[in-house]
Number of protein chains: 2
Amino acid sequence: MKNKEDLFLHSKPAKILVQLNNPTKENYASKIAKNVDCTYSHAVRTIQNLEDYDLIESEKKGRKKELKLTDEGREIAETLSELLHQLR
Amino acid sequence: MKNKEDLFLHSKPAKILVQLNNPTKENYASKIAKNVDCTYSHAVRTIQNLEDYDLIESEKKGRKKELKLTDEGREIAETLSELLHQLR
């Protein structure tokens with residue numbers, strides 16, 4: 001039986017958004033991949049997707065791209081966070 | 001480009017749960033299939049899934065099975081409803 005989370009959610013994009021709402025983490029693709037337990041290339045692709053929908057924005061910091069939520073992304077992240085908690 | 005809903009959610013189970021949180025509708029599989037725009041057999045399978053996770057319970061009413069949310073199902077339905085609204 002799948003877990004309840006997978007019944008309703010595509011968990012990687014959901015977790016990436018929730019992760020970015022956590023101000024204590026370093027918000028780079030490589031860190032995010034590690035924290036949500038997916039490959040770097042999957043994380044990069046998903047992040048690009050989330051940027052295309054204006055839920056994330058990025059800023060070049062030297063060789064790295066720092067990611068942060070847009071206002072819309074933050075709202076959705078908060079609801080997803082509650083939902084993930086309920087589905088645990 | 002997919003819509004934002006499909007980026008995060010498996011929309012049929014989410015919509016079925018939200019639908020069942022609407023007290024004005026007749027909560028039978030056939031009605032639900034119609035309201036969330038999926039086939040009867042897909043609705044029945046998804047409903048069975050949601051019952052297996054104790055999010056829905058059912059009661060025989062003559063030849064029909066009336067469906068309602070459990071307390072846990074209702075909580076999740078409310079959060080999903082907010083999320084679907086934000087993703088619109």
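The preceding data block contains the structure.
A quick note: this is a predicted structure, and the numbers were derived from the prediction, not measured.

Our focus in this paragraph is the overall build of chain A. Along its length, chain A carries five helices and two strands. Walking chain A from its N terminus toward its C terminus, one meets helices and strands in the order α-α-α-α-β-β-α. Considering only residue pairs separated by 6 or more positions, chain A has 49% of its internal contacts joining residues 24 or more positions apart. Carbon and sulfur atoms make up 43% of the accessible area of chain A, which amounts to about 5100 Å² in all. Once the 16 positive and 15 negative side-chain charges of chain A are each reduced to a mean point, those two points are 9 Å apart.

Another aspect to go through is the interface of chain B and chain A. Taken together, the contact between chain B and chain A spans 26 residues of the former and 26 residues of the latter. Between chain B and chain A, the buried area comes to about 2400 Å², and carbon and sulfur atoms account for 67% of it. Per-residue buried area on chain B facing chain A is highest for Leu7(B), Phe8(B) and Tyr53(B); these three make up 31% of the total on that side. Summed over the shared surface of chain B and chain A, the result is two salt bridges. For Glu72(B), the salt bridge is made with Lys4(A), and the minimal N-O distance between the two is 2.4 Å. Connecting chain B to chain A are nine residue pairs in polar contact (both at pLDDT 80 or more). No other element matches helix 5 (residues 71-86) of chain B, which puts eight residues into the side of chain B that touches chain A.

Analysis parameters
Residues numbered from 1 in each chain as written. Chains lettered and ligands numbered in written order. Predicted model: local features only at pLDDT ≥ 70, side-chain atom pairs only at ≥ 80, totals over all residues. Heavy atoms only, no water. Helix = DSSP H or I, 4+ residues; strand = E, 2+ residues; numbered from the N terminus. Contact = heavy atoms within 4.5 Å. Areas by Shrake-Rupley, 256 points an atom, 1.4 Å probe, with all protein chains shown as cover. Lys, Arg positive; Asp, Glu negative; His and termini not counted. Charge placed at Lys NZ, Arg CZ, Asp CG, Glu CD. Buried area = accessible area lost by both parts, 1.4 Å probe. Salt bridge = Lys/Arg side-chain N within 4 Å of Asp/Glu carboxyl O. Polar contact = N/O pair within 3.5 Å; in protein donor to acceptor, adjacent residues only side chain to side chain.

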